[in-house]
Amino acid sequence: MYLKCKMDSEKAWFGAAMGGFTRPSWAFLLLVFIVLVVSCFQIGTKTVFPTWVVLGGRETRISEEAPSCFGFFREVPPRKVVMSIRDFGGVGDGVTSNTETFRRAIRYMQSFGNIGGSQLNVPRGRWVTGSFNLTSNFTLFLEEGAVILGSQDLEDWPIIEPLPSYGRGRERLGGRHISLIHGDALTNVVITGQNGTIDGQGKMWWELWWNRTLEHTRGHLLELKNSHNILISNLTFMNSPFWTIHPVYCSNVVIKDVTILAPLNAPNTDGIDPDSSTNVCIEDCYIESGDDLVAVKSGWDQYGIAMARPSSNIIVRRLSGTTPTCSGVGIGSEMSGGISNVTMEDLHIWDSAAGVRIKTDKGRGGFVVNITINNIRMERVKVPIRFSRGSNDHPDDGWDPKAVPKIKGIFISNVVSLNSTKAPVLEGIEGAPYEGICMKNVTLLGLAPAAKWHCEFVSGFTDAVFPVSCPQMQSNVSSSWCLDHLGNLQIDSSRKSSRESVTLGMAMGQSQQNPELIRELTPTHPNLPTKGMV
């Protein structure tokens, strides 16, 4: 590229010299030459996203104006060892089982973790496999046309222990099936490619659920536990047996440029569920599923309360998709470890049961605090905004009916919903009302003239909201607090074109964090971050 630019600049130099004057000064000509060379070089040079990683030899461009996950993922060095699954005898014919091949390959590549790490390439083909575990300092790279297919043999999905914050499998007592791609206690892991596909072939699992013959909780398509510094990007995930991407007890996770697809009637095929995790950034993703597109979680009833591992410092940005039975973005219903400092912005949701939803219940305990939801477009969404109670599902008889969630500081702004069916439903819990619910610039079009908000055990403030909200949401006591926060949000939004705004600390927006409020609601959670991200 440099040589080509240099030749082009020399031609331009001679053209200018011959056409404009006969004997230009050497200093002027040298200046012209340098300017042209530098211009060509700048035009021909790609910007790496986000400067800390090159994916499979291909650089990825980041917009200087759009906020990004820059800073959530620490730079990883180039992998010292790069091999193909074919090097281990893999066969990508869509029939041959590669379960032992993947397991053997990753066991071998684990030995390079301390000397620069390794990368396993999956080339074009259809690679049938059961579950396999990843390793640290490792990249799984799916080339263009590569498809990993989940095995249809139940024995290829072993039973593992339940998560301690759930106490049992989410669907059935006891253990649960391991995810197709799994990892525990890992660092510096990249799962990426040239838009390759990971297909769980989940129909077999859905039928077990529909027929009520499921013995153990279904496995996820991808689950990483107790892991740090994770990047998942540039892939398509399809037909998960259960939740699709599940980071649990993790930190510093980036999920970017991912497509998630499942039949719209496929049960519980959530898109992305960050669970008891911190510093998670999800952006530029498209999701079609039979459940929530994104749901933030933190454990189930007494088990989540005892473990006390909150989900905090989470960004969901530039997300689009549809789910006919559930919500675009949600919190809960498993939120017993607490959830704080969540920003969801620039969302497009259509043909869905709900747009934004907070799901809780008696017995959950925990807290939901400092949630900012901004700039949402919805089309044909039945209930644009819904806070629901009474999930009426508990892990066992040990749950405490007196353990009620504390909800305060929910900021929703700049929402347009077209062809809405119902006005917002905001249902708190008797004896534990939801406080500090703030809404501004919310317009819901298409509602019947008789449609009215339904509010119970909530309080807050609204400004520029149509149709008019319920009386509980028109408290002057909350007005200054709400407007101050939403005003700061607008200031933060106006700064997003600055490159500095995509650093880790600024990404959350310091003005959105309220340490005093968090301490007020979380006296039993001393480990909850309250001063930005780490």
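What counts and what doesn't
- Residues numbered from 1 in each chain as written.
- Predicted model: local features only at pLDDT ≥ 70, side-chain atom pairs only at ≥ 80, totals over all residues.
- Heavy atoms only, no water.
- Helix = DSSP H or I, 4+ residues; strand = E, 2+ residues; numbered from the N terminus.
- Contact = heavy atoms within 4.5 Å.
- Areas by Shrake-Rupley, 256 points an atom, 1.4 Å probe, with all protein chains shown as cover.
- Pairing = 2+ DSSP bridges.
- Axes fitted to C-alpha atoms, helices over the stretch in contact; angles between N-to-C directions.
- pLDDT = per-residue confidence, 0-100.
- Core = buried A, V, L, I, M, F, W, Y, C linked by side-chain atoms within 4.5 Å.
- Buried < 20%, exposed > 50% of the residue type's maximum accessible area, 1.4 Å probe, protein only.
- Salt bridge = Lys/Arg side-chain N within 4 Å of Asp/Glu carboxyl O.
- Disulfide = S-S within 2.5 Å.

**Q** In this structure, what is going on with the overall build of the protein chain? I would like to understand it.
**A** Helix and strand content of the protein chain: 8 helices and 29 strands. Within the protein chain, contacts between residues separated by at least 24 positions form 76% of all contacts whose residues are at least 6 apart in sequence. With the model as given, the accessible surface of the protein chain reaches about 21,700 Å², and the carbon-plus-sulfur share is 54%.

**Q** Would you mind showing me how to read the sheet that holds strand S10 (residues 181–184) here?
**A** Strand order in the open sheet formed by 4 strands is S5-S10-S13-S15, with parallel pairing between adjacent strands. Because the sheet does not close on itself, it has two edges, and the strands there are strand S5 (132–133) and strand S15 (245–248). By the bridge criterion, 4 bridges tie strand S13 (residues 222–225) to S15 in an arrangement that is parallel. Its bridge partner being in S15, Glu-223 is matched across the sheet by His-246.

**Q** Hey, could you run me through the sheet that holds strand S28 (residues 454–456) in this one?
**A** Within a sheet, adjacent strands bond to each other through the backbone by hydrogen bonds, running parallel or antiparallel. Taken together, 6 strands build an open sheet; the order of strands is S18-S20-S22-S24-S26-S28 and the sheet is parallel. The sheet is open, and its two edges are formed by strand S18 (294–296) and S28, each paired on a single side. Geometrically, the sheet is characterised by an average inter-axis angle of 10° between neighbouring strands, direction not taken into account. Alignment of strand S24 (residues 383–388) against strand S26 (residues 425–427), held across 2 bridges, turns out to be parallel. Each residue of the ladder has a partner; that of Arg-386, found in S26, is Val-425.

**Q** When you look at the confidence of the model for the protein chain in this model, what are you seeing that I'm missing?
**A** Atomic detail in the predicted coordinates should be set aside for any region of low pLDDT. Summary statistics for the protein chain give a mean pLDDT of 84 and a share of 78% for residues scoring 70 or more. Contacts from residues 1–24, a stretch scored under 50 in pLDDT, to residues over four places away or in other chains number 17 contacts. Taken together, the stretch residues 497–513 has pLDDT below 50 and engages in 51 contacts with residues farther than four places along the chain or on a different chain.

**Q** What's the story with the nonpolar core in this structure? I'm lost.
**A** Side chains of nonpolar character tend, in soluble globular proteins, to be buried together. Ranked by size, the top nonpolar core spans 92 residues in total, and within it Leu-120, Leu-134, Phe-237 and Met-439 carry the most contacts. Core analysis: the second largest hydrophobic core is formed by 9 residues, Phe-72, Val-190, Leu-231 and Val-254 among them.

**Q** How do you make sense of the pairing of S13 when you look at a structure like this?
**A** Every regular strand shows the same layout, with side chains that alternate between the two sheet faces. Alternating residues of S13 divide into Leu-222 and Leu-224 and Glu-223 and Lys-225, and every residue in both groups is buried. As judged from the 4 bridges shared by S10 and S13, these two strands associate in the parallel manner. Opposite Gly-183, over in S13, you have Leu-224 as the bridge partner.

**Q** Explanation requested: the pattern of salt bridges in the structure shown.
**A** Side-chain pairs of opposite charge can arise where the charged atoms are in close proximity. Overall, the coordinates contain 20 salt bridges when judged by the stated rule. For Arg-170, the salt bridge identified is with Asp-393, shortest N-O distance 2.6 Å. With Arg-170 in the loop between strand S8 (159–160) and strand S9 (176–177) and Asp-393 in the loop between S24 and strand S25 (406–418), the pair connects residues that are 223 residues apart, well separated along the chain. For Asp-393, a relative accessible area of 22% puts it in the partly exposed group.

**Q** How should helix H4 (residues 203–210) be read in this particular structure?
**A** Three- or four-residue spacings in an α-helix give side chains the same orientation, since the helix completes a turn every 3.6 residues. Those residues of H4 that sit buried are Met-204, Trp-205, Trp-206 and Leu-208. Where H4 is buried, its residues meet S9. Phi turns positive one or two residues past the end of H4, at Arg-212, with a value near 60°.

**Q** What is the right way to look at the state of the cysteines in this model?
**A** Cysteine pairs can be covalently joined through their sulfur atoms, and such a bond is termed a disulfide. For the structure on display, the rule yields 3 disulfides. Linked covalently through their sulfurs, Cys-455 and Cys-470 form a disulfide whose S-S length is 2.0 Å. Where Cys-455 bonds to Cys-470 through sulfur, the torsion about that S-S bond is close to -85°, and the disulfide is left-handed. With Cys-455 in strand S28 and Cys-470 in the loop between strand S29 (458–466) and helix H6 (479–494), the pair connects residues that are 15 residues apart, well separated along the chain. When its relative accessible area of 9% is taken as the criterion, Cys-455 is described as buried. Take the cysteines of the protein chain that form disulfides and number them in order along the sequence; they join up as 1-2, 3-6, 4-5. Looking at the unpaired Cys-285, the closest cysteine sulfur is the one in Cys-69, lying at 8.5 Å. The exposure class of Cys-285 is buried, given its relative accessible area of 4%.

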